[in-house]
Amino acid sequence: LRSSASAYLSDTFGAPTSSTIFTWSGWVKRGALGTTSYLFGASTTTNFGFNSGDQLVLTLAGTTAVTTTAVYRDPSAWYHIVVALDTTQATSSDRVKMYVNGSQVTAFSTATYPSQNFDSNLK
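Attention in this report is confined to the structure presented alongside it. Keep in mind the model is a prediction, meaning the values are calculated, not measured. (Residues numbered from 1 in each chain as written. Predicted model: local features only at pLDDT ≥ 70, side-chain atom pairs only at ≥ 80, totals over all residues. Heavy atoms only, no water.)

Now for the sheet that holds strand β9 (residues 108-111). If you walk across this open sheet you meet the five strands as β2-β3-β4-β5-β9, and the pairing is antiparallel. Each having just a single partner strand, β2 (37-41) and β9 make up the two edges of the open sheet. For this sheet, the mean inter-axis angle between neighbouring strands, taken without regard to orientation, is 20 degrees. Pairing analysis gives four bridges linking strand β3 (residues 47-50) to strand β4 (residues 56-60), with the strands arranged antiparallel. Directly across from asparagine 47, in β4, lies its bridge partner threonine 59. (Pairing = 2+ DSSP bridges. Helix = DSSP H or I, 4+ residues; strand = E, 2+ residues; numbered from the N terminus. Axes fitted to C-alpha atoms, helices over the stretch in contact; angles between N-to-C directions.)

Spelled out as structure tokens, the structure:
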């Protein structure tokens, strides 16, 4: 899919099994750098993708939960990205986990974790 084209993927999911636990995994190859590019989203206020600074950003209910300090600017590389949300966790930093190419991302320029048992519209 090219950002210059109007094509996109979408799906209407059935009844969710949980509103507090969610995992997304995908292979991503960057096209246009320096632009905001969403990988997935449940609404305009809950989404995940790259910001214009080429960092990964997860936004929940209009609040930026986490922004990586690392930047992803290699348009020739494939990135395997995993985002795991589990708001049932007692430790706030365990509620959002992110992995890039098998390594857990632990350095964030923004880290505003959701409250315990936060109901997300990611399902």
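Don't stop here, the text continues.
Turning our attention to the pairing of β4. Most of β4 is tucked away: five of the five residues are buried. The alternating pattern of β4 places Leu56, Leu58 and Leu60 on one face and Val57 and Thr59 on the opposite face, and all of these are buried. In this structure, the hairpin formed by β3 and β4 is closed by a connection of five residues, where aspartate 54 is found at a positive phi of approximately 65 degrees. By the bridge criterion, four bridges tie β4 to strand β5 (residues 63-68) in an arrangement that is antiparallel. For valine 57, the partnering residue across the bridge sits in β5 and is threonine 67. Counted between consecutive antiparallel strands, the loop separating β4 from β5 contains two residues, among which alanine 61 sits at a positive phi close to 50 degrees. (Buried < 20%, exposed > 50% of the residue type's maximum accessible area, 1.4 Å probe, protein only.)

This brings us to the pattern of salt bridges. This structure, assessed with the given rule, holds two salt bridges. In this structure, the salt-bridge partner of aspartate 54 is arginine 30, at a minimum N-O distance of 3.3 Å. Placement of the pair is aspartate 54 in the loop between β3 and β4 and arginine 30 in the loop between β1 (21-29) and β2, with a sequence separation of 24 residues. Both residues of the pair, aspartate 54 and arginine 30, belong to the buried class. Among the ionic pairs, aspartate 54 bridges to arginine 73, the shortest N-O distance being 3.1 Å. (Salt bridge = Lys/Arg side-chain N within 4 Å of Asp/Glu carboxyl O.)

What follows covers the sheet that holds β1. Strand order across the open sheet formed by four strands is β1-β6-β7-β8, with antiparallel pairing between neighbours. The open sheet has two edge strands with one neighbour each: β1 and β8 (103-104). As paired strands, β1 and strand β6 (residues 78-86) are joined by nine bridges and run antiparallel to one another. By the bridge assignment, isoleucine 21 is partnered in β6 with aspartate 86.

Another point: the packing of aromatic side chains. Taken as a whole, this structure holds six aromatic pairs when the rule is applied. Arranged with centres 6.3 Å apart and planes meeting at 65 degrees, the rings of phenylalanine 50 and tyrosine 72 form a pair that is edge-to-face. One end of the pair, phenylalanine 50, is in strand β3; the other, tyrosine 72, is in the loop between β5 and β6, with 22 residues separating them in the sequence. For the pair phenylalanine 50 and tyrosine 72, one class covers both residues: buried. (Phe/Tyr/Trp six-rings, centres within 6.5 Å; stacked < 30°, edge-to-face > 60°.)

Turning next to the nonpolar core. Judged by nonpolar contacts, the single largest core of 23 residues is most densely connected at Phe48, Leu56, Leu58, Ile81 and Met98. Elements with a contribution of two residues or more to this core: β1, β3, β4, β5, β6 and β7 (96-100). Ranked by residue count, the leading element in this core is β6, at four residues. (Core = buried A, V, L, I, M, F, W, Y, C linked by side-chain atoms within 4.5 Å.)

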